[in-house]
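Survey of secondary and tertiary structure
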Amino acid sequence: MAVRHFLTLMDLSSEELNQILQRAIELKAMQHRHEIYEPFKNQVLGMIFEKSSTRTRVSFEAGMAQFGGSAIFLSPRDTQLGRGEPIEDSARVLSRMVDIIMIRTFDHAGLELFAANSKVPVINALTDDYHPCQLLADMQTYLEHRGSIAGKTVAWVGDGNNMCHSYMNAAVQFGYHLNIAVPEGFDPKPEILEACKDSVTIYRTPEEAVKGAHLVVTDVWASMGQEEEQKERERAFAGYQVTEALLDTAAEDVVFMHCLPAHRGEEISMTLLDDPRSVVWDEAENRLHAQKALMEFLLKEAQGLS
Ligand code: CP
Ligand code: NVA
C-alpha cells in the first residue's frame, strides 16, 4: 500500500481525524502527568522550513523528542534545496534517511511533488493554500471546551487564505457550517470553495457571518509572503476587526480562536486575547498534542503497526 501523507485534511477520513483528536486528548493527559511514552526511539523527523515559525517548529521538535526520537531542522538557506536541487531529488534522498518529514513552504504543488517522491509520510506544516495541522489543534480545542463541533456554526472573519481553506475542508470533515466574512477580491480559491460549497456561505460583512456562531476565528490580514501588500490589505480589511462587541452577537457559548501570531489593533481588538471567550493559548498548546497524535498515526501506518 502507498505511504499515507497529510497534505490537507482531505487525506484522512473523518473517522481517522476524530480518532486523532481523541488520541491527542489522551497524549495531552499523559504529558501533563509527566508520563514517559517513547514509542519512536531512534526515529527521526526531518523539518523543512522555507518560512518562519515559532509554534510549528517547537511543537514538532518537542513532540518528537517526547516520543524518544529526534528532529532535524532544515532551512533552504543552508541546504541544497535553497540552491536549486530539484524537489524530487531532495525527497528521494531525505526519505531514505529519516522516518517522517514535515514541510512549511510556499507552493502547495511543490509539497505534492515532494510527497509523491517520498518513501516516508510527509506532513504539510503550512503552504500558501493550506494549514491542516492548525485545524487539528483547533478542532481538539473546540472539542475540549464545548464538545462535538458537528452541526455547529463557525464564522471565519478575514482573508480567504490558507487557514480559511483548511477551515473549509474541516467543515466537510467535521460536519459544521462555515460562514466566511471576506471583502471582495480576497475570496477563497474558487476550486477549493467549489469542493466545499455545501458547507460554506460567503458574506461581505462580519456582522452577518458572526451572528449566532459557536466559534469565531480570524487570522492576519497579510500572510507570510504578502508583506508588501500590508498597507493595501489594511485598507481592504478595515471593518473586519474582531472585537468583544462583535463576539457579543455570536452564540452565548461562543469561543474565539486565532492561529497566532496575532496583530493586536489590526485583525483583533487590543484586548480580545484577554477576553474569557478567547481560547488561543489552549489552541497553541494543542499544536503539540495534536501533531504528536498525527505523527503516531502516520508512523504506525507506515510501519505496519496499526
Ligand atoms: N500558528 C502557527 O503555525 O504558528 P507559527 O507560524 O509560529 O508556526
Ligand atoms: N495565514 C498565516 C498563518 C500563519 C500561521 C500565514 O500564512 O502567514
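Owing to the predicted nature of the structure, the values given are computational and were not obtained by experimental measurement. (Residues numbered from 1 in each chain as written. Chains lettered and ligands numbered in written order. Predicted model: local features only at pLDDT ≥ 70, side-chain atom pairs only at ≥ 80, totals over all residues. Heavy atoms only, no water.)

**Topic: the state of the cysteines**
Chemically, a disulfide is nothing more than a covalent bond linking the sulfur atoms of two cysteines. Counted by the stated rule, this structure contains zero disulfides. Among the cysteines around Cys164, which has no disulfide bond, Cys196 carries the closest sulfur, lying 9.6 Å off. Among the residues examined, Cys164 registers a relative accessible area of 0% and is labelled buried. (Disulfide = S-S within 2.5 Å. Buried < 20%, exposed > 50% of the residue type's maximum accessible area, 1.4 Å probe, protein only.)

**Brief notes about the sheet that holds strand β8 (residues 215-218)**
Spatially, β7-β6-β5-β8-β9 is the arrangement adopted by the five strands of the open sheet, whose pairing is parallel. Of all strands in the sheet, those with a lone pairing partner are β7 (200-203) and β9 (255-258), marking the two edges. Strand-to-strand twist of the sheet, defined as the mean angle between neighbouring strand axes without regard to direction, takes the value 20°. Inspection of the sheet shows strand β5 (residues 153-157) paired to β8 by four bridges, in the parallel sense. Bridging from a neighbouring strand, Val157 pairs with Thr218 of β8. Relative to the sheet, helix α5 (residues 132-146) contacts β8 and β9, its axis offset from that of β9 by approximately 160°. (Pairing = 2+ DSSP bridges. Helix = DSSP H or I, 4+ residues; strand = E, 2+ residues; numbered from the N terminus. Axes fitted to C-alpha atoms, helices over the stretch in contact; angles between N-to-C directions. Contact = heavy atoms within 4.5 Å.)

**Observations regarding the environment of Ala209**
Tracing the sequence through the fold places Ala209 in helix α8 (residues 206-210). Among the residues examined, Ala209 registers a relative accessible area of 0% and is labelled buried. Spatially, the C-alpha atoms of Ala209 and Tyr176 are 14 Å apart, while their sequence positions differ by 33 residues. Excluding its chain neighbours within four sequence positions, the residues that come into contact with Ala209 are Ala155, Asn179, Ile180, Ala181 and Tyr203.

**Side note on the pattern of salt bridges**
Inspection of every chain in the model, using the stated rule, returns 18 salt bridges. In this structure, the salt-bridge partner of Lys189 is Asp129, at a minimum N-O distance of 3.0 Å. Note that Lys189 is positioned in the loop between β6 (177-181) and α7 (190-196) and Asp129 in the loop between β4 (122-124) and α5, a separation of 60 residues in sequence. Of the charged contacts, one joins Lys231 and Glu234 as a salt bridge, the two residues approaching to 3.4 Å between their closest N and O atoms. In this pair, Lys231 and Glu234 both sit in helix α9 (residues 230-236), three residues apart, roughly one turn of the helix. The exposure class assigned to Lys231 is exposed, which follows from its relative accessible area of 55%. By relative accessible area, which is 26% here, Glu234 ends up partly exposed. Taken together, the shared-partner salt bridges in this structure form one network comprising Arg4, Glu16 and Glu301. (Salt bridge = Lys/Arg side-chain N within 4 Å of Asp/Glu carboxyl O.)

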